[in-house]
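Here is what each chain is made of, one letter per residue.
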Amino acid sequence: MISKEEVNHIAKLARLELTETEVIKMQKDLSAILDYFALLKKAPKPEIVKTEGDLSATRNDQMLSSYDIKAELIGLAPDKKDDYIKVKTIL
Amino acid sequence: MDLTELTIRQAHEGLKAKKFSSVDLTKAYLEKIKKSDLNSFLSFDEGWAITQAEAANKKIESGDFGVLCGIPCAIKDAIMVAGQKCTAASKILENYVAPYDATVIKKLKEAGVVILGKTNTDEFTMGSSTENSAFGVTKNPHDKTRVPGGSSGGSAAAVAANEACFTLGTDTGGSIRQPSSFCGVVGLCPTYGAVSRYGLIAHASSLDQIGPITKNVEDAKIVFEVISGKDKMDATSKEYKLEESEVKLKGLKIGVPKEYFAKGINKEVEKIIRGAIKKAEDAGAEIVEISLPSTEFALACYYVIDPSEISANLARFDGIKYGLSAEGKDLLDVYIKSKGHGFGEEVKRRIMIGTYCLSSGYYDAYYKKAQEVRQLIRQDFAKTFKKVDLLFCPVSPFPAFKIGEKADDPMAMYLADIYTIPMKLAGLPGMSIPAGKMGDPASPAGRLPVGLQIIGNHFQENKILSVASQLEKML
């Protein structure tokens, strides 16, 4: 079973708040799921490096404007001023 | 005549012959939605639906209109429709209004459809039952004590209960095919890259795909042709024109993977699927038993890759740009609390699994290994499709399960996708068509639908649709 400390560490990395009850449930669920992943160790190595169906694609590094919906996009922010999204002090 | 029972083609013929108008059709569906107790819709906009229907009527009057013009449909609430709420069934997006149309919506609007509303899903499309929706489970129209499947459970139930002529769903690990099987409707998960995902709220980007859920195979083809193709807003989308040639069952080689009939499959489900395979054989298809040895690793592989991508994709819900924003003492506190308050149990669980698998010291053992296994699975399918034209297998090892039955056991829920996940990891297209009903000793016909899954090679939707349309007349 993974420890409470490990769960809290992962939650911190994920920037996710968990209640005490959630941490306990997560210990149990994560342990069961991670145990199941041990099965992967039994899998043989693949023979072929690349097959059809691998659709990894890149596009040109080109700037496209989304200015036609700028107001709508900024309008969605919970806290804003004029054309800016407001955030809490960082430093 | 109950207008809501018509297929797209039948409704189109009716509109053409002026037997009824798009407004008549739309009102008939709205009545059904308002009376429904299934919770298949999260929202619907009556006034807007009628406005769209009136616009469609005008197009129809002019005589120049396509087959989808004036046809009422519904959209899974993970796909953005400009000006309408898009919640992904999450509290974190409860009040989010989509600022633009997804590409599939743009295409459907150009075709003149009437959008009735948005359908229920598991939160962020993560689940196999719609029980993970923050806004309540959808009930299966065939048995209201059971789930409709998921995550596109609202979309499948809406079609099965005639609350929409067709719907759009999304499939990451089985989310179109499994609910279609559970609700007795047709669902197509297209090849990865066949349909643009621009405007779909991302779940796992190397797997997500949008597809139609319909009353029959012909309708699925109609919708698929409209929504597919290259889109500059989704780099993975491909130029694609559905081939029009008809593929006959006679002489076709159909592979039946033995791993899909191993222990754990419900006997009645197996009987129905074997029966469907027999019918294909009787119609002249050659049935070949094949083996996909990597099948046993697929579920574990998926549940490393899917949560890993989720942990990256869902980092954007930080309470700053949109969605729920919790009060916090500093910026980090806002992030942590917004996610903590906004996300449901399953979403949190997957973010945690993914973060764990990608974290320092575990990356090689989990994520890297899973990518290797994914390649092994691709290779297995590639070899198989050198020998056969299509694969036939069940969609799910069991029919629709009871609401609550698996809700507290994540592993049991994950196992519901065991037959739909492998081909997704290979980016292949698959379809569920109704193959029969089971599960009620009192009625010889049974009441719980069982779907046959037809899997094809990349971009061979034409073969799947052709064969499915011949089979649906026999099943």
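Chemist: Would you explain the overall build of chain A in this entry?
Modeler: Within chain A one finds 3 helices and 2 strands. Ordered by position from the N terminus, the helices and strands of chain A form the series α-α-α-β-β. A buried classification covers 14% of the 91 residues belonging to chain A.

Chemist: Help me out: how do you make sense of the overall build of chain B in this one?
Modeler: From N to C terminus, chain B includes 15 helices and 11 strands. The C-alpha atoms of chain B give a radius of gyration of 21 Å, which matches the 23 Å a tight globule of 475 residues would have. Projecting the C-alpha coordinates of chain B onto the three principal axes gives extents of approximately 65 × 55 × 50 Å. Evaluated residue by residue, chain B yields a buried proportion of 61% over its 475 residues. A fraction of 75% describes how many contacts in chain B between residues 6 or more apart in sequence connect residues 24 or more apart.

Chemist: Help me understand the sheet that holds strand β3 (residues 114-119) of chain B, please; the structure alone is not making it clear to me.
Modeler: Neighbouring strands of a sheet are bound in pairs by backbone hydrogen bonds; such pairs are parallel or else antiparallel. Residue and element names in this part refer to chain B. Strand order in the open sheet formed by 11 strands is β1-β3-β2-β4-β6-β5-β10-β11-β9-β7-β8, and the pairing between neighbours is mixed. Among the strands making up the open sheet, the edge pair consists of β1 (41-44) and β8 (286-290). Strand-to-strand twist of the sheet, defined as the mean angle between neighbouring strand axes without regard to direction, takes the value 30 degrees. Here strand β7 (residues 253-257) pairs with β8 via 5 bridges, running parallel. For Ile254, the partnering residue across the bridge sits in β8 and is Ile287. Seen against the sheet, helix α2 (residues 22-35) touches β1, β2 (72-76) and β3 and runs at an angle of roughly 20 degrees to β3.

Chemist: I tried to follow the pairing of β7(B) on my own but got confused; where do I start?
Modeler: For a regular strand, side-chain orientation follows a simple rule: the groups alternate between the two sheet faces. All names here are of chain B. Taken together, β7, helix α8 (residues 267-282) and β8 constitute a β-α-β crossover, and its handedness is right-handed. Inspection of the sheet shows β7 paired to strand β9 (residues 390-394) by 2 bridges, in the parallel sense. Looking at β9, one finds that Gly255 is bridged to Leu391.

Chemist: Honestly, the nonpolar core in this entry has me stumped. Any pointers?
Modeler: Most often, soluble globular proteins have nonpolar side chains that are buried together. Residues and elements named next belong to chain B. Residues Cys73, Ile79, Leu116, Cys301, Val304, Leu390 and Ile454 are the most contacted members of the largest nonpolar core, which totals 166 residues. Tallying contributions element by element places helix α9 (residues 295-313) first for this core, with 10 residues. Dropping the residues within four chain positions of it, Cys73 is found in contact with Leu108, Val113, Val114, Ile115, Leu116, Ala164, Cys165, Phe166 and Thr167.

Chemist: Would you explain helix α10 (residues 331-342) of chain B in this entry?
Modeler: The first and last C-alpha atoms of α10(B) sit 16 Å apart over 12 residues, in line with the 16 Å expected at 1.5 Å per residue. Residues B:Val334, B:Tyr335, B:Ile336, B:Lys337, B:Ser338, B:Lys339 and B:Gly342 constitute the buried set of α10(B).

Chemist: I tried to follow the interface of chain B and chain A on my own but got confused; where do I start?
Modeler: Accessible area lost when the parts come together is the quantity often used to give the size of an interface. On the chain A side, the residues contacting the 50 residues of chain B number 41 residues. For the side of chain B that touches chain A, the secondary-structure elements that each account for two or more residues are α9, α10, α11 (345-358), α12 (364-387) and α13 (410-414) of chain B. The element contributing the most residues to the side of chain B that touches chain A is α12(B), with 10 residues. Classifying every residue of the side of chain B that touches chain A gives 28 nonpolar, 13 polar and 9 charged.

Chemist: How do you make sense of the packing of helix α1 (residues 4-13) of chain A against α11(B) when you look at a structure like this?
Modeler: The angle between the axes and the distance between the axes are what describe a pair of packed helices. Here α1(A) crosses α11(B) at 95 degrees, and the two axes come no closer than 9 Å. Judged on the interaxial angle alone, α11(B) and α1(A) are roughly perpendicular. Each of A:Ile10, A:Ala11 and A:Leu13 in α1(A) lies in contact with α11(B), whose residues at this interface are B:Met352, B:Thr355 and B:Tyr356.

Chemist: What is the right way to read the environment of B:Ser151 from this model?
Modeler: Residues and elements named next belong to chain B. As for its placement among the helices and strands, Ser151 is situated in the loop between β3 and α5 (153-160). With 35 C-beta atoms counted inside 10 Å, the residue Ser151 sits in the buried group. In this structure Ser151 touches Thr121, Asp122, Thr125, Met126, Gly127, Thr130 and Ser175, once residues within four positions along its chain are discounted.

Chemist: Help me understand α2(B), please; the structure alone is not making it clear to me.
Modeler: Residues spaced three or four apart along an α-helix point in a common direction, a consequence of the helix completing one turn every 3.6 residues. All names here are of chain B. Spanning 14 residues, α2 covers 20 Å between terminal C-alpha atoms, matching the ideal 20 Å at 1.5 Å per step. By the burial criterion, the buried members of α2 are Ser22, Leu25, Thr26, Tyr29, Leu30 and Ile33. All buried residues of α2 fall inside an arc of 130 degrees around its axis, so they share one side. Those residues of α2 that are exposed and angled more than 90 degrees off the buried face are Lys34 and Lys35. Structurally, α2 contributes buried residues whose contacts are with α1 (8-16), β1, α3 (46-62), β2 and β3.

Chemist: Would you explain the packing of α9(B) against α12(B) in this entry?
Modeler: Residues and elements named next belong to chain B. Two elements in contact, α9 and α12, have axes separated by 9 Å at closest approach and are oriented at 130 degrees. It follows that α9 is oblique to α12 by the angle criterion. When you trace α9 past α12, the crossing you get is left-handed. Side by side, α9 and α12 meet where Phe297, Ala298, Cys301, Val304, Ile305 and Ser308 of the first sit next to Tyr366, Tyr367, Ala370, Val373, Arg374 and Ile377 of the second. Here the contact of α9 with α12 is built from residues that sort into 10 nonpolar, 1 polar and 1 charged.

Chemist: Would you take a moment to explain the confidence of the model for chain B for this structure?
Modeler: Caution is warranted with low-pLDDT regions, since their predicted coordinates should not be read in detail. A residue-level look at chain B finds 99% of positions with pLDDT of 70 or above and a mean pLDDT of 96. The ipTM value of the predicted complex is 0.92, and its pTM value is 0.97.

Chemist: Would you explain the confidence of the model for chain A in this entry?
Modeler: On average, residues of chain A score 88 in pLDDT, and 87% of them reach the 70 mark or higher. Highest mean pLDDT in chain A belongs to α1(A) (97); lowest belongs to helix α3 (residues 70-75) of chain A (90).

Chemist: Explain unusual backbone geometry here, please?
Modeler: Where the residue is not glycine, phi is negative for most of them; where a peptide bond is considered, it is trans in most cases. Looking along the chain, the bond that leaves B:Gly150 and enters B:Ser151 is cis, with omega of 10 degrees. Its identity as a non-glycine residue notwithstanding, A:Arg15 has a phi of 50 degrees, on the positive side. As for its position among the elements, A:Arg15 is in the loop between α1 and α2 (20-37). For B:Thr125, which is not glycine, the phi torsion reads 65 degrees and is therefore positive. Relative to the helices and strands, B:Thr125 is located in the loop between β3 and α5.

Here is what the cut-offs are and how they apply
- Residues numbered from 1 in each chain as written.
- Chains lettered and ligands numbered in written order.
- Predicted model: local features only at pLDDT ≥ 70, side-chain atom pairs only at ≥ 80, totals over all residues.
- Helix = DSSP H or I, 4+ residues; strand = E, 2+ residues; numbered from the N terminus.
- Buried ≥ 20, exposed ≤ 12 C-beta atoms within 10 Å, placed from the backbone.
- Rg over C-alpha atoms; globule rule 2.2 N^0.38 Å.
- Contact = placed C-beta atoms within 7 Å.
- Pairing = 2+ DSSP bridges.
- Axes fitted to C-alpha atoms, helices over the stretch in contact; angles between N-to-C directions.
- Right-handed = clockwise from strand over helix to strand, strands pointing away.
- Core = buried A, V, L, I, M, F, W, Y, C linked by C-beta atoms within 7 Å.
- Expected span 1.5 Å × (residues − 1).
- Nonpolar A, V, L, I, M, F, W, Y, C, P; charged D, E, K, R; others polar.
- Parallel < 35°, antiparallel > 145°, perpendicular 65-115°, else oblique.
- Arc of directions from axis to C-beta.
- Left-handed = near helix turned anticlockwise from the far one by under 90°.
- pLDDT = per-residue confidence, 0-100.

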